[in-house]
Amino acid sequence: MVRIGSITLDAPFFQAGLAGYSDAAMRLVARRHGCPYCVTEAMLDQFLIQGGKGVRAAELRDEDHPIAGQLMGSHPQDIADGARVLIGLGYDVVDVNLACPVRKIRRKCRGGHLLSVPDEAIAILDAVAQSVAGEVPCTVKLRRGTDDSPEAAAAFERIFEAARRLGYAGAVVHGRTVVQKYLGPSSWPFLRKLVDQYGCSDGFVIGGSGDVWTASDIERMRSEAGVELVSVARGCIGNPWLFAQARALANGDPDAAARPPTIHQQRDVLREHFELSMSLHGQRRAGMLMRKFGIKFSLHHPRAEQVKRAFISVASLEDWRAVLETWFEQDGPGRPADVELAHTGEADGI
Ligand SMILES: Cc1cc2nc3c(=O)[nH]c(=O)nc-3n(C[C@H](O)[C@H](O)[C@H](O)COP(=O)(O)O)c2cc1C
């Protein structure tokens, strides 16, 4: 059991925010495979407070709880108002993004930029906490610093300590710096030091992020870094089975945890994901979105390269169905997870 303020999770992992991926369709598929908690992709405060499309995009389905709505912005009042919109929409947790390394976001003084201006970051954390006023727990997502300088370390510490002081329920720390983006490893030793320094037991949960590709990475991050909660990000794109495998591992069933999804299990999830995506976005947009998921899902197929190529040329629902008919009709064992393959080409996100 892990507690995030008043929310109790029955497993120590969750699906992270993944801009361009972690919409309600991906979240519902993850939950149906045992994911106990999800964070949305970062939502701009302005989009939420202006109403209309931004609010519609943030609307929730009943099955999609508990969930954190993640906010990104640069002005304390706006981001605090955005938090009220999320509460009105039924979000269970408000999460503040101080992590995004994408240049256009940082240029607007949002996301990871705020780690370099601790006074502003703390003003935002304070405004959000006041506006939420204990109605739901607040959390914060950070990187371990702007860069490797002592100034960045001091700024991180100030912000982290402020979150604790302001009554935040927890923080998820990505063990890469903002400058690092996705190059090089996430520093789990940094997470370990943080846990050793602050402990995880006084009602402030410390979560870790970075380089979680398999179910056993979840266990490994918990034991090596000591974090209570593990964020699963790129590792679960096209791999919702990871959550069931993590539960199997925790239940002492390593065989089930190592079993790749059969071809029919893959087919069923691909259908389900597409249908959910279509019901959310309509056929045209779902077709575009699902192509990149199909490419990731193809890694589980014994003919991964050919299936990947087939998904790359999908443009319509008919094309999608044709790929399923050609490659997924005949059942058989899936391909064991290949971490190296899963790892490639996903370094463009937040
Ligand atoms: C495409 C992409 C989009 C992302 N979007 C978000 C986001 O909206 N909010 C967030 O907190 N983190 C976001 N992240 C960061 C991930 O949640 C995670 O911290 C990061 O990928 C490190 O974990 P990993 O190495 O296990 O993938 C994104 C990452 C990627 C690759």
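Because the structure is a prediction, the values reported are computed rather than measured.

Parameters and conventions
Residues numbered from 1 in each chain as written. Predicted model: local features only at pLDDT ≥ 70, side-chain atom pairs only at ≥ 80, totals over all residues. Heavy atoms only, no water. Disulfide = S-S within 2.5 Å. Buried < 20%, exposed > 50% of the residue type's maximum accessible area, 1.4 Å probe, protein only. Domains from an automatic or database assignment. Buried area = accessible area lost by both parts, 1.4 Å probe. Salt bridge = Lys/Arg side-chain N within 4 Å of Asp/Glu carboxyl O. Polar contact = N/O pair within 3.5 Å; in protein donor to acceptor, adjacent residues only side chain to side chain. Helix = DSSP H or I, 4+ residues; strand = E, 2+ residues; numbered from the N terminus. Nonpolar A, V, L, I, M, F, W, Y, C, P; charged D, E, K, R; others polar. Pairing = 2+ DSSP bridges. Right-handed = clockwise from strand over helix to strand, strands pointing away. Core = buried A, V, L, I, M, F, W, Y, C linked by side-chain atoms within 4.5 Å.

Observations regarding the state of the cysteines
Then, number 1: Counted under the stated rule, the structure contains 0 disulfides.
Then, number 2: You can see Cys38 has no disulfide; the closest cysteine sulfur is in Cys35, sitting 4.0 Å from it.
Then, number 3: Residue Cys38 is classed as buried on the basis of its relative accessible area, which comes to 0%.

Points about the domain arrangement of the protein chain
Then, number 1: What the domain assignment reports for the protein chain is domain 1 (2–258) and domain 2 (263–328).
Then, number 2: Here domain 1 and domain 2 have C-alpha centroids that lie 28 Å from each other.
Then, number 3: In total, about 1400 Å² of surface goes out of reach between domain 1 and domain 2, with carbon and sulfur atoms giving 68% of it.
Then, number 4: At the boundary of domain 1 with domain 2, the tally comes to 1 salt bridge.
Then, number 5: Of the charged contacts in the structure, one is a salt bridge between Glu272 and Arg32, with a shortest N-O distance of 2.6 Å.
Then, number 6: Between domain 1 and domain 2 we count 5 residue pairs in polar contact (both at pLDDT 80 or more) in total.
Then, number 7: When residues of the side of domain 1 that touches domain 2 are assigned to their parent elements, the largest contribution, 6 residues, is made by helix H1 (residues 24–32).
Then, number 8: Partitioning the side of domain 1 that touches domain 2 into residue classes produces 9 nonpolar, 4 polar and 3 charged.

Considering the pairing of strand E8 (residues 138–143)
Then, number 1: Here E8 lies mainly inside the structure; 6 of its 6 residues are buried.
Then, number 2: The alternating pattern of E8 places Cys138, Val140 and Leu142 and Thr139, Lys141 and Arg143 on opposite faces, both of which are buried.
Then, number 3: Note that E8 and strand E9 (residues 170–174) share 5 bridges and pair parallel. Within E9, the residue paired with Arg143 across the bridge is His174.
Then, number 4: The β-α-β motif built from E8, the intervening helix H7 (residues 150–165) and the parallel element E9 has right-handed crossover chirality.

Considering the nonpolar core
Then, number 1: Membership of the largest hydrophobic core comes to 102 residues, with the highest contact counts inside it found for Leu98, Val128 and Tyr168.
Then, number 2: If you tally residues by element for this core, the top one is helix H6 (residues 118–132), at 7 residues.
Then, number 3: Each of two domains, domain 1 (2–258) and domain 2 (263–328), supplies a minimum of three residues to this core.

Examining the pattern of salt bridges
Then, number 1: Applying the stated rule across the entire model yields 16 salt bridges.
Then, number 2: A salt bridge links Glu63 to Arg32, with the shortest nitrogen-to-oxygen separation between them at 2.9 Å. You can see Glu63 sitting in the loop between helix H3 (53–58) and strand E6 (67–72) and its partner Arg32 sitting in helix H1, a full 31 residues away along the chain.
Then, number 3: Residue Glu63 is classed as partly exposed on the basis of its relative accessible area, which comes to 39%.
Then, number 4: Take Arg32: its relative accessible area is 40%, and that puts it in the partly exposed class.
Then, number 5: Between Glu329 and Arg271 there is a salt bridge whose closest N-O contact spans 3.9 Å. Linking Glu329 in the loop between helix H15 (317–328) and helix H16 (339–342) with Arg271 in helix H12 (residues 263–281), this pair joins segments that are 58 residues apart in sequence.
Then, number 6: Exposure remark for Arg271: the relative accessible area of 36% places this residue in the partly exposed category.

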